[in-house]
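# Geometric and topological summary
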Amino acid sequence: AAALQRLREVFDVEELPPDFLPHKKPPQFMVDLFYKVAYANGITRSPGLLEGDVVRSFEDRVHVDQYRFYFDISAMEKGEQMLKAEFRVFKLKKTHVSSRSDVKHFCKVEVYEILESGSKPQRKHLVASRLLSLYTEGWEVFNVTQTVSKWVRNNSSNHGFLITTTHIFSNRIEHNLIKFAKSQGPLQESRNALLVLFTNSNKRRSSSFMNPAKNDAETQIIGNSNASMSRRPRAAAVPSAKSQVTACHRRELYVDFRAIGWSGWIIHPSGYNAFYCRGSCLFPLGENLNATNHATVQSIVHTLKLSQDVSTPCCVPDELKSLNLLYFDDKENVVLKNYKDMVATRCGCH
């Protein structure tokens, strides 16, 4: 229990979401974003691809009103710094093409922040506007950083967004000629409006590695691909000569989210290879051991027995990469989070 609690702290999970995946699919935008910044195993492709270290997506909660959108952003953590907010809405194509010569093929789309719920007339503030073609469809993305920053500071000021569309004919104005996708059915669900927040968690996450097991009672959570080595007779594992001592090197250490009981809410990946470092750092330290100058001096002092208290340098990770998780939080919002220093890519003597 203590080990799993420590693991939760490493992954910054305060409240464990239910151990089952919701019936709904994660937004395709979030899945695509995961594969843009990470390989299938979750390891970061290249640093700097993601703005901040957390991306939160919130789906529209209004299903009746065609032009009103509301997002519950209460899952934002205290101290989390918002960098950017995007309102993503899918514009549907107008199917009926008018043959009238006075019909313009563009309409004006305006996004408003609703200032007060239920007020008549509705109090609102213009956030963004643009011209859109009547006869095309696709995602429209509006920068709403300033508005959502206000909501983060004061959640009670969040009354959602309102979209108005204005189509100008030669002698009259028509409103709401075009529609936007709402989650009504499987097809529309993948096109449901999203509020996407790019943030910095501002939490210093632990970069400590879980120690590999020292006997065959290795937990099912973390699997060593070289487990067969530990099943050899004890006598065979003891080096008979100094030349047989294994030098510092990297070994596999697979963290299986299914075995931990986390597979119900983690979307990608199903697990990852953290790797760990094992082996001796005996003098002389070769170039392949990536030894520091300090470690080299320490190994010489140990070899010459200049001090009884000085041991050999330690075999530890000296190059680490970050890991990305795509998961459902306890409110079924989809989150993409980047964790620094989670995968040992190189070992050395330090």
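Residues numbered from 1 in each chain as written. Predicted model: local features only at pLDDT ≥ 70, side-chain atom pairs only at ≥ 80, totals over all residues. Heavy atoms only, no water.

The protein chain is annotated in an unreviewed UniProt entry as BMP7 protein from Ramphastos sulfuratus. The UniProt entry for the protein chain carries the following text under Subcellular location (unreviewed entry): "Secreted". According to UniProt, the comment filed for the protein chain under the heading Sequence similarities (unreviewed entry) is "Belongs to the TGF-beta family." (UniProt positions renumbered as here; feature names shortened; annotations may be inferred.)

## Some remarks on the nonpolar core
In terms of nonpolar packing, the biggest core is built from 32 residues, with Phe71, Phe87, Val148, Phe161 and Leu195 touching the most fellow members. Looking at this core, the elements with two or more residues in it are strand E3 (81-91), strand E4 (106-114), strand E5 (124-133), helix H3 (145-153), strand E7 (161-168) and strand E9 (194-200). Here this core gets five residues from one element, more than from any other, and that element is E4. With near-sequence residues (within four places) excluded, Phe87 lies in contact with Phe69, Phe71, Val111, Glu140, Val141, Phe142, Val144, Phe161, Ile163, Ala193, Leu194 and Leu195. (Core = buried A, V, L, I, M, F, W, Y, C linked by side-chain atoms within 4.5 Å. Buried < 20%, exposed > 50% of the residue type's maximum accessible area, 1.4 Å probe, protein only. Helix = DSSP H or I, 4+ residues; strand = E, 2+ residues; numbered from the N terminus. Contact = heavy atoms within 4.5 Å.)

## Some details on the sheet that holds strand E16 (residues 315-328)
Strand order in this open sheet of seven strands is E6-E3-E9-E1-E17-E16-E13, and the pairing throughout is antiparallel. Looking at strand neighbours, the two that pair on one side only are strand E6 (138-143) and strand E13 (266-268), the edges of this open sheet. Neighbouring strand axes in the sheet, compared pairwise and without regard to direction, differ in orientation by 30° on average. On top of the sheet, helix H2 (residues 28-37) reaches strand E1 (54-59), E3, E9, E13, E16 and strand E17 (334-349); it is set at about 15° to E17, its chief contact. (Pairing = 2+ DSSP bridges. Axes fitted to C-alpha atoms, helices over the stretch in contact; angles between N-to-C directions.)

## Considerations on the pairing of E7
Burial within E7 is extensive, with seven of its eight residues counted as buried. With two bridges connecting them, strand E2 (residues 68-69) and E7 associate as antiparallel partners. The partner of Arg68 across the bridge, within E7, is Leu162. When E4 meets E7, the two strands line up antiparallel, connected through six bridges. The residue bridging Glu113 from the neighbouring strand is Phe161, located in E7.

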